[in-house]
Amino acid sequence: MPSRSVVLAGATGLIGDLVLKDLLLDPGVAKVQVLARRPLATSHPKLQVHVVDFRKLPALEPVDEAYLALGTTIKIAGSQEAFRAVDLDANLAVANAALAAGAKRMALVSAVGADAKSAVFYNRVKGELEDALKALQLDALVIAQPSLLLGDRKALKQPPRFGEGFAAPLMTLISPLLPRRYRPVRGEAVAKALVRTLPAAKGLVVLSSDELIRLGADRRP
């Protein structure tokens, strides 16, 4: 019988949308609570959508796992402060709310190069979030650190991210020449790798692009 209850933040994004689809198909998942800024078009017997303000989250119903996939860009957010409010503050608020609701296992969509001491603002914020989650009392923390993400943002009505238009074809072409952790990875692989890894994970697990590609490979005959 399905038994796991999970919470997901970022279901309208490239990875979050795919994580949601995989969770709804997972026979071990009984309930998926989605925290979002607006209603979803998706409906499912397992799905419960909460339209929230991430600055003032309500108490959550009991959960076992949390998936953190909130993310934006400085261009879309409008400033570094607004970017930080989403990528760091909102994700951390969900993590703390999930922990208070009983979650002891969490998965995070981060990025290659995440480092709290980085001189690059984007990488520094990603690293600060990773460090904050590592400090929580969790049984398992799975961190995905993908390089360039490949996927159809247009289908989600998202604006293309800077450089993706020319970088994706180029990096796909030269992928075999790149260090494994910098190889581009499809969003589907990232989502499947997280959903497959988190339930049995122990301690800290960091997945680079090559591991995400391997773990997220299609296993159908």
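Structural data are supplied above this passage.
Reference entry: report on the structure contained in this document. Being a predicted model, the structure only gives us computed values, none of them experimental.

**What about helix H1 (residues 14–25)?**
Consideration 1: Spanning 12 residues, H1 covers 18 Å between terminal C-alpha atoms, matching the ideal 16 Å at 1.5 Å per step.
Consideration 2: Considered for burial, the residues of H1 that qualify are Leu14, Ile15, Gly16, Asp17, Leu18, Val19, Leu20, Asp22, Leu23 and Leu24.

**What to know about helix H4 (residues 121–134)**
Consideration 1: Taking 1.5 Å of rise per residue, 14 residues should cover 20 Å, and H4 covers 20 Å from first to last C-alpha, within 8% of that figure.
Consideration 2: Those residues of H4 that sit buried are Phe121, Asn123, Val125, Lys126, Gly127, Leu129, Glu130 and Leu133.
Consideration 3: Buried residues in H4 make contact with strand S4 (65–68), helix H2 (74–77), helix H3 (80–100), strand S5 (105–109) and strand S6 (140–145).

**Brief notes about the nonpolar core**
Consideration 1: Leu20, Val32, Val34 and Tyr67 are the most contacted members of the largest nonpolar core, which has 36 residues in total.
Consideration 2: Ranked by residues supplied to this core, first place goes to H1 with 7 residues.
Consideration 3: Those residues in contact with tyrosine 67 that sit more than four places away from it in its chain are Arg4, Val6, Val7, Leu8, Ala9, Val19, Leu23, Ala107, Leu194, Val195, Leu198 and Pro199.
Consideration 4: Counting residues in each nonpolar core, the second largest holds 30 residues, with Leu35, Phe54, Leu60 and Leu88 among its members.

**Digging into the sheet that holds S5**
The pairing of strands in a sheet comes from backbone hydrogen bonds and takes either a parallel or an antiparallel form.
Consideration 1: With respect to topology, 7 strands assemble into an open sheet ordered S3-S2-S1-S4-S5-S6-S9, the strand pairing being parallel. A strand with exactly one partner marks an edge of an open sheet, and here the two such strands are strand S3 (47–51) and strand S9 (203–208). With direction set aside, neighbouring strand axes in the sheet form an average angle of 15°.
Consideration 2: Inspection of the sheet shows S5 paired to S6 by 5 bridges, in the parallel sense. For alanine 107, the partnering residue across the bridge sits in S6 and is valine 142.
Consideration 3: Sitting on the sheet, H4 touches S4, S5, S6 and S9, and the angle it makes with S6 is about 165°.

**A look at the packing of H3 against H4**
Consideration 1: Remark: H3 packs on H4, axes separated minimally by 10 Å, with the N-to-C direction vectors making an angle of 15°. Relative to H4, the element H3 lies roughly parallel. You can see that H3 and H4 cross each other, and the crossing is right-handed. Listed contacts from H4 to Gln80, Phe83, Arg84, Asp87, Leu88, Asn91, Leu92 and Ala95 of H3 are Phe121, Tyr122, Val125, Lys126, Glu128, Leu129, Ala132 and Leu133.

**Points about the pattern of salt bridges**
Consideration 1: Going through the model one piece at a time under the given rule, you end up with 10 salt bridges.
Consideration 2: Of the charged contacts, one joins aspartate 22 and lysine 192 as a salt bridge, the two residues approaching to 3.3 Å between their closest N and O atoms. Here aspartate 22 is found in helix H1, whereas its partner lysine 192 is found in helix H6 (residues 187–197), with 170 residues between them in sequence.
Consideration 3: Close ionic contact of aspartate 131 with lysine 134 constitutes a salt bridge, the shortest N to O distance being 4.0 Å. In this pair, aspartate 131 and lysine 134 both sit in helix H4, 3 residues apart, roughly one turn of the helix.

Cut-offs and rules
Residues numbered from 1 in each chain as written. Predicted model: local features only at pLDDT ≥ 70, side-chain atom pairs only at ≥ 80, totals over all residues. Heavy atoms only, no water. Helix = DSSP H or I, 4+ residues; strand = E, 2+ residues; numbered from the N terminus. Expected span 1.5 Å × (residues − 1). Buried < 20%, exposed > 50% of the residue type's maximum accessible area, 1.4 Å probe, protein only. Contact = heavy atoms within 4.5 Å. Core = buried A, V, L, I, M, F, W, Y, C linked by side-chain atoms within 4.5 Å. Pairing = 2+ DSSP bridges. Axes fitted to C-alpha atoms, helices over the stretch in contact; angles between N-to-C directions. Parallel < 35°, antiparallel > 145°, perpendicular 65-115°, else oblique. Left-handed = near helix turned anticlockwise from the far one by under 90°. Salt bridge = Lys/Arg side-chain N within 4 Å of Asp/Glu carboxyl O.

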